[in-house]
Amino acid sequence: MIFDQIISGLSIGCIYALVGLGYSLIFASISLLHFAQGALLTLSGVMGLLLMTKLKLPFAIVVPLVAFLLAAIGFLLERFIYRQVKGSPQVGVISTLGVNIIIPNLIIIFWGSEAYPFPKTVLGGSPLSLFGHSIQPVYYWIFIVVTIVVILLSVTLKYTSIGLAIRATAYNPKLASLMGMNTSITHSLSFAIGSALAGIAGLLAGKVLFISYDMGSMIGIKGFVAAVIGGFGNLPGALVGGLILGVLETIGGGIISSTYKDSISFVIMIVMMVFLPSGLLGEKRIEKV
Amino acid sequence: MKKMMGMTLMFVLFLSFSAHGAEVFRLGLIYDGTGSLATHGRQGKWACDWAVEEINSKGGIQGRKIEVFAENAATDTQKASTAAYKVITKDQVHFIVGPTSSSNSSVIQQITERSKIPYVATVGSADALTEGKKEWFFRCSLAARFQSEDLINYCLNVLKAKTFALLAATSAHGQSLMENFTEILTKKGLKQSLLVVERFKDKDMDFSSQLLKVKAASPDILAIYGFSTEAARMVTQARAMGIKSRVVGGTGLDEEYGRLAESAGVGTIVSYGFWPKVPIPKVKNFIKEFHKRTGVDQPNFAGPQTYDILHAFADLMNKNPNAPKLSLKDDKLESDRLAIRDAIATIKKYDGISGNISFCKDPTPDCRDGIKDSILLQFKEGGQLVKLQ
């Protein structure tokens, strides 16, 4: 049973990790806690469902398409909303909470409040046998998709000029600007990538959950917890944090009680914030005042 | 000039918050328009609007029109509380009807008991709602204690089940059904046949912790007591994990469960108070008209139960010569509410769409649970419900 719980936990953890990566990337770039990641995840689920059911597009096409659409939405959100309140971190956070409320309510108005499943063929197939245990198709597909996304993200950040600009801006925006980098564009691009990550997470979560206006609310919070565990602003940390959170939550729910799964997540977050505030892989930063 | 405009505005605002229009029967409707119980809540609201339209077309309540003050509780107890305070204190309704969850009904009930206003729940099933001498509360829905007995007997006698597993939501609905289920098995001397008892929360994403235990126990029957969306998610995951137990459930599973669970939900047996395919002309006409108004083919019990209680009340007030005469003046609000409560308690054997409804005066479960007959139904392909013989 423990093996099954670990597999299940890692799968859910992958979804948390993608959302956490978005949080960390955006925070690293512009020091903003983007609490609307859950709402973007929900939006991507709805978009994905509409593209597959109305336009009959295959899932393999829908993933990059929705990621692109969410990237565009993230870009526009940063440009027209968050940039306007850039000078005040508190107002910035409140504006992200506002977006987090507005998007699901717009979904209710324009799409409805009923839940819908993804088509059966999405992330389908035969169970995989490993060490005598059966792994459901949705689980191994989530591992595959997230692995590809993480590899693409790493390659982009490490080997492309865009990635270099994002990393440089995240490290020291003033210095990056002095070196001739357009930090304004890199901020928007960080948002775009962070939103695209939430978009992909939404498509994966849509297979596990049903698509509804509130599907992203708890996942958005768990993604935040994943980012805290790993070290806010640290990308590998968000990945590790998500996986650890998923596994601990599933195993803890099995040992203690499934009623306390959410509580387990938040207790872990509080413990991390008290005893290791920089997270598992985060670095302590000394700021001169 | 500015001062004059300001004073005029203040006066207009004051008027809007003070005395209401002349003698209108104000009905509060608190329903779950969104959230886990949205299909029940919305159907309850549509049925309420339809019933009110019909009653008003015949003159309303004792010659006065009904005005509905509807609030969406969104299957959220905080919103239910806000909604209750609003309809009671601001709208000053005479009577509240609620197609809303048991948890919400419990919260609203605490407020209506304190405020002394009659409240009829048309969806909530938790037994606790009618326990503890609730003077102002009535239930026009099938209570949990009527849901499990027939279901368990069917499992034991017809399905020859020997072992059970129970997964119950942490909501008041799930809690009540879980307690009932366990109590009935214990009374039959079969407590040891309940191999797994686990809880889940409404917004849970993954049920592998609970389902792995069920899989290991391999019970004949898996009882899922929760609402449609979570139950559908759970049964889909259960089937994907290879769990082959027969699934049973309660009134929380409606046509949305059948639609979402698809083939995984086929064969699920539920205990209901209403079956939309009852071959009685007035039920058939109701279903046909409901479909015409809402597009819903197979309404759940929320619509008929809400429709029935409003018509039962209107019939009583308009046709019974012994019915109290309502003043509906603002200064008589308290006495009107008391008269309405006492009138509802006299509803006896009202033959409605959802079945026989009877109340009585004592604040006991027996008196305040208006519907007592359950019916066993099974989900077939396409989410259709058929009656079990």
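The model shown is predicted, which means the values in this text are computed figures rather than measured ones.

S.K.: An account of the nonpolar core is needed here, citing residue identities and associated values.
M.R.: Membership of the largest hydrophobic core comes to 200 residues, with the highest contact counts inside it found for Ile15(A) and Leu18(A). Broken down by element, this core gets its largest block of residues, 16 residues, from helix H1 (residues 2–30) of chain A. A domain-level breakdown of this core finds at least three residues from each of domain 1 (20–142 + 281–371) and domain 2 (145–273 + 375–387) of chain B.

S.K.: Explain the environment of Ser134(A) to me, and be specific about the residues and the numbers.
M.R.: All names here are of chain A. Its location among the elements puts Ser 134 in strand E2 (residues 133–135). Accessibility expressed as a C-beta count within 10 Å gives 15 for Ser 134, which makes it partly exposed. As a C-alpha pair, Ser 134 and Ile 7 span 127 residues in sequence and 9.9 Å in three-dimensional space. Those residues within four positions of Ser 134 in sequence are excluded, and the remaining contacts are Pro 127 and Ser 129.

S.K.: Explain the sheet that holds strand E5 (residues 137–142) of chain B to me, using residue names and the numbers behind them.
M.R.: Residue and element names in this part refer to chain B. Strands sit in the order E2-E1-E3-E4-E5-E13 across an open sheet of 6 strands; the sheet is parallel. Either end of the sheet is taken by a strand with one partner, and the two such strands are strand E2 (66–72) and strand E13 (369–371). Taken over all neighbouring pairs, the strand axes of this sheet differ in orientation by 20° on average, direction set aside. Two elements, strand E1 (residues 25–31) and strand E3 (residues 95–98), share 3 bridges in a ladder whose sense is parallel.

S.K.: Now, about the packing of helix H4 (residues 102–115) of chain B against helix H6 (residues 172–187) of chain B: what can you tell me, with residues and values included?
M.R.: All names here are of chain B. Following both chains from N to C, one finds H4 and H6 inclined at 105°, their axes separated by 6 Å at the closest point. For the element pair H4 / H6, the angle class is roughly perpendicular. Seen from H4, the contacting residues are Ser 102, Ser 103 and Ser 106; seen from H6, they are Ala 172, His 173 and Ser 176. Looking at the contact of H4 with H6 residue by residue, the class counts come to 1 nonpolar, 5 polar and no charged.

S.K.: Outline the domain arrangement of chain B, supporting the account with residue identities and numerical values.
M.R.: All names here are of chain B. When its domains are assigned, chain B resolves into domain 1 (20–142 + 281–371) and domain 2 (145–273 + 375–387). Distance from the C-alpha centre of domain 1 to the C-alpha centre of domain 2: 29 Å. The partner domain 2 presents 23 residues to the 20 residues of domain 1 that form the contact. At the level of secondary structure, the elements contributing two or more residues to the side of domain 1 that touches domain 2 comprise helix H2 (38–57), H4 and E5. When residues of the side of domain 1 that touches domain 2 are assigned to their parent elements, the largest contribution, 3 residues, is made by H4.

S.K.: Break down the sheet that holds strand E14 (residues 375–379) of chain B for me, with residues and values.
M.R.: Hydrogen bonds along the backbone pair up the strands of a sheet, which may run parallel or antiparallel. All names here are of chain B. Spatially, E7-E6-E8-E9-E10-E14-E15 is the arrangement adopted by the 7 strands of the open sheet, whose pairing is mixed. Both outer strands of the open sheet, strand E7 (194–200) and strand E15 (385–387), are each paired with one neighbouring strand and no more. Each strand of the sheet is rotated relative to its neighbour by a mean of 25°, with strand direction disregarded. Bridge analysis of strand E9 (residues 246–249) against strand E10 (residues 269–272) gives 2 bridges, and the strand direction is parallel. From the neighbouring strand, Gly 249 faces E10, where its bridge partner is Val 270. In this fold helix H5 (residues 144–157) packs onto strand E8 (221–225), E9, E10 and E14, with an angle of close to 145° to the strand it touches most, E10. Of the strands in this sheet, strand E6 (164–169), E7, E8 and E9 are in contact with helix H8 (residues 228–240), which crosses E8 at around 155°.

S.K.: How would you summarise the interface of chain A and chain B if you had to cite specific residues and measurements?
M.R.: Contacts between the two partners involve 23 residues from chain A and, on the opposite side, 21 residues from chain B. Those elements that place two or more of their residues in the side of chain A that touches chain B are H1, helix H9 (216–230) and helix H10 (235–255) of chain A. Residues of the side of chain A that touches chain B, tallied by class, amount to 10 nonpolar, 10 polar and 3 charged.

S.K.: Describe unusual backbone geometry, naming the residues involved and giving the relevant values.
M.R.: All names here are of chain B. Notably, Ser 218 is not glycine yet its phi reads approximately 50°, a positive angle. Following the sequence through the fold, Ser 218 ends up in the loop between helix H7 (208–217) and E8. Phi at Lys 349 takes a positive value of approximately 50°, unusual for a residue other than glycine. Along the polypeptide, Lys 349 turns up in the loop between helix H12 (333–344) and strand E11 (350–352). Judged by the 7 C-beta atoms lying within 10 Å of it, Lys 349 is exposed.

S.K.: An account of the pairing of E5(B) is requested, with residue identities and associated values reported.
M.R.: All names here are of chain B. Counted residue by residue, E5 has 6 buried out of 6 residues, so it is predominantly covered. Looking at chain direction, strand E4 (residues 119–121) and E5 are connected through 3 bridges and run parallel. When the sheet's bridge partners are listed, Val 120 is paired in E5 with Phe 138. Of the strand pairs in this sheet, E5 and E13 are connected by 2 bridges, and their pairing is parallel.

S.K.: I'd like to hear about the pairing of E9(B), residue by residue, with values.
M.R.: Residue and element names in this part refer to chain B. Pairing analysis gives 4 bridges linking E8 to E9, with the strands arranged parallel. Its bridge partner being in E9, Ala 223 is matched across the sheet by Val 248. Following the backbone out of E8, through H8 and into the adjacent parallel E9, one traces a crossover that is right-handed. Of the crossover connections in this fold, the one passing from E9 over helix H9 (residues 255–261) to the parallel E10 is right-handed.

Reading the values: the criteria
Residues numbered from 1 in each chain as written. Chains lettered and ligands numbered in written order. Predicted model: local features only at pLDDT ≥ 70, side-chain atom pairs only at ≥ 80, totals over all residues. Core = buried A, V, L, I, M, F, W, Y, C linked by C-beta atoms within 7 Å. Buried ≥ 20, exposed ≤ 12 C-beta atoms within 10 Å, placed from the backbone. Helix = DSSP H or I, 4+ residues; strand = E, 2+ residues; numbered from the N terminus. Domains from an automatic or database assignment. Contact = placed C-beta atoms within 7 Å. Pairing = 2+ DSSP bridges. Axes fitted to C-alpha atoms, helices over the stretch in contact; angles between N-to-C directions. Parallel < 35°, antiparallel > 145°, perpendicular 65-115°, else oblique. Nonpolar A, V, L, I, M, F, W, Y, C, P; charged D, E, K, R; others polar. Right-handed = clockwise from strand over helix to strand, strands pointing away.

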